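Structural overview for review
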Amino acid sequence: MFQSAGGQSGKGSVTPEQVVLISCIRQAVDDYHSARISTGVTGEFGRRRLSIAAKSAGVTVMTRPHPLWGRVDEEFGGGGISVGASSKSRSKRGNRIAPSSVIVPVLFFLSGEVERLRLRIKSPDPSGMYDGELSCTARVVDDIRDIVAQCLGKHAASPVNTNGSSADNNKQCILSEARSVLGREGSVIQGCLRDLATIVDTALEKNSGKSARELNLTHQEQQSAIVIVRLIGNIVYQNKYNQDLLRLTQIPTIAIILKADDGSSVKRNGLHVLLSATSLAPACFTLREWCIVAIRNAVENNEANVEAVQLLEANRTLGDTPELKKMGIKVDLDGKGKVRVQPRDSSCKE
């Protein structure tokens, strides 16, 4: 459906119709997950409220099919969807479609579309683009990333009307498989880290000399940063390969401000970029909370990542950069990845 709403074959352009389509799907996914009954699991953040449209329709508990994979979302506890059978006969024997064979390919396709579109943003061809196409493309990239992030979140594995249950365990296994496939066979993590680094570097450079209260980000930068950090946090959740990929992925520096004391370029990995994103928190609502969640998920049960965080000496290399000093903030974190972004006191000044 997304491809059929696209532009001319071969050009890969994003059309306004695709922007509307993906935006509607994103809102439908938001409403679907927001209407699910909470299982009481603590430590989650960012469960959204229902949209006005959903409230107007009287939606309180989601009983409709999942916007992306239909009734397969309701069959986690039953082993799959019966092929060629009515809803009344689904409990009987019959050929069944494994939920993972539907869900994982859908998420993998979406992540592939993100990479294709972000490369178009990075290497635009003005001769083949209409006015506003870059903005449309950036919007679609953010929306698709948000859809994938929602589908990979912990709250996505809490089926309606289950109490403890094998259904929840089955779905967690499928989501774990999806995280592994996206990390091992795709480039969603690397793309997210590069884009987040660009946002951080650009923001710190253009806000040079400003205090934390004066820090200014465009709406697009705020939206992209939150979505990217949320996706990173959900895709590395309880997945050691993806956690390691954060540490092993080297991200080139962009801004002049990211220089060591001797003037050489700072070498940084994905963990460094994720930690650096906390510096944008004063100008980006909820970014601080999502950074904390992402860092916690990145270091959970991963000693190598805990050591990498400690070796970064974040209180010096991140919290005490000249730019952060000028903005009057500092970043503190312990070995477990707990982060605090707070005003700088007099004891921190040189």
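The structure contained in this document is the topic of the report that follows. (Residues numbered from 1 in each chain as written. Predicted model: local features only at pLDDT ≥ 70, side-chain atom pairs only at ≥ 80, totals over all residues. Heavy atoms only, no water.)

**Regarding helix α3 (residues 100-122)**
Stated precisely, the cut-off is as follows: Under the DSSP-based scheme used, a helix requires at least four consecutive residues in state H or I and a strand at least two consecutive residues in state E, with every element numbered from the N terminus. Multiplying 1.5 Å by the helix residue count minus one yields the expected span of that helix. Burial classes: relative accessible area under 20% of the type maximum marks a residue as buried, over 50% as exposed, and values in between as partly exposed (1.4 Å probe, protein chains only).
Taking 1.5 Å per residue, 23 residues should reach 33 Å; α3 reaches 33 Å between its end C-alpha atoms and fits that length. Here α3 has its buried residues at Ile 103, Val 104, Leu 107, Leu 110, Ser 111, Glu 113, Val 114, Glu 115, Leu 117, Arg 118 and Arg 120.

**Some details on the packing of helix α6 (residues 188-206) against helix α7 (residues 219-235)**
For the record, the criterion: Helix axes are fitted only over the stretch in contact, all axes being lines through C-alpha atoms; the angle between N-to-C directions runs from 0 to 180 degrees. A clockwise turn of the near helix away from the far one marks a right-handed crossing, whereas an anticlockwise turn of less than a right angle marks a left-handed crossing. Only heavy atoms enter the contact rule, under which two residues are in contact if any of them lie within 4.5 Å. Residue polarity is assigned by list, with Asp, Glu, Lys and Arg as charged and Ala, Val, Leu, Ile, Met, Phe, Trp, Tyr, Cys and Pro as nonpolar; anything else, Gly included, falls into the polar class.
Relative orientation of the contacting elements α6 and α7 amounts to 145 degrees, with a least axis distance of 10 Å. Relative to α7, the crossing made by α6 is left-handed. Here Val 188, Ile 189, Cys 192, Leu 193, Asp 195, Leu 196, Ile 199, Thr 202 and Lys 206 of α6 come into contact with α7, specifically with Glu 221, Ser 224, Ala 225, Ile 228, Val 229, Leu 231, Ile 232 and Ile 235. Along the lines of polarity and charge, the residues of the contact of α6 with α7 split into 12 nonpolar, 2 polar and 3 charged.

**Describing the nonpolar core**
Counted only if it meets this: We call a set of buried Ala, Val, Leu, Ile, Met, Phe, Trp, Tyr and Cys residues a nonpolar core when their side-chain atoms join them within 4.5 Å.
Within the largest apolar cluster, 66 residues are counted, with the highest numbers of intra-cluster contacts made by Leu 196, Ile 232 and Leu 246. Element by element, the count of residues in this core is highest for α6, at 10 residues. Discounting chain neighbours no more than four positions away, the residues touching Leu 196 are Ala 225, Ile 228, Val 229, Ile 232, Val 273, Leu 274 and Ala 277.

**What to know about the packing of α3 against α6**
Close contact between α3 and α6 brings their axes to 10 Å; oriented N to C, the two are set at 35 degrees. For the element pair α3 and α6, the recorded crossing hand is left-handed. Every residue of α6 that contacts α3 at Ser 111, Glu 115, Arg 118 and Lys 122 is listed here: Val 188, Gly 191, Arg 194, Asp 195 and Thr 198. When the residues that make up the contact of α3 with α6 are grouped by side-chain class, the tally is 1 nonpolar, 3 polar and 5 charged.

**What to know about unusual backbone geometry**
With the exception of glycine, most residues fall at negative phi, and the peptide bonds are largely trans. One non-glycine residue, Gln 238, lies in positive phi territory at about 50 degrees. You can see Gln 238 is positioned in the loop between α7 and α8 (240-248). Unlike most non-glycine residues, Asn 301 shows phi in positive territory, near 55 degrees.

**Regarding the pattern of salt bridges**
The condition that has to hold: Any carboxyl oxygen of Asp or Glu that lies within 4 Å of a side-chain nitrogen of Lys or Arg is treated as forming a salt bridge with it.
In the structure shown here, the tally under the stated rule is 15 salt bridges. Measuring nitrogen to oxygen at the nearest pair gives 3.4 Å for the salt bridge that ties Asp 195 to Lys 122. Residue Asp 195 is located in helix α6, and its partner Lys 122 is located in helix α3; the two are separated by 73 residues in the primary sequence. Residue classification places Asp 195 among the buried residues on the basis of a relative accessible area of 9%. The closest approach of N and O atoms between Lys 240 and Asp 244, which form a salt bridge, is 2.9 Å. Placement of both Lys 240 and Asp 244 in helix α8 is noted, with a separation of 4 residues, approximately one turn of the helix.

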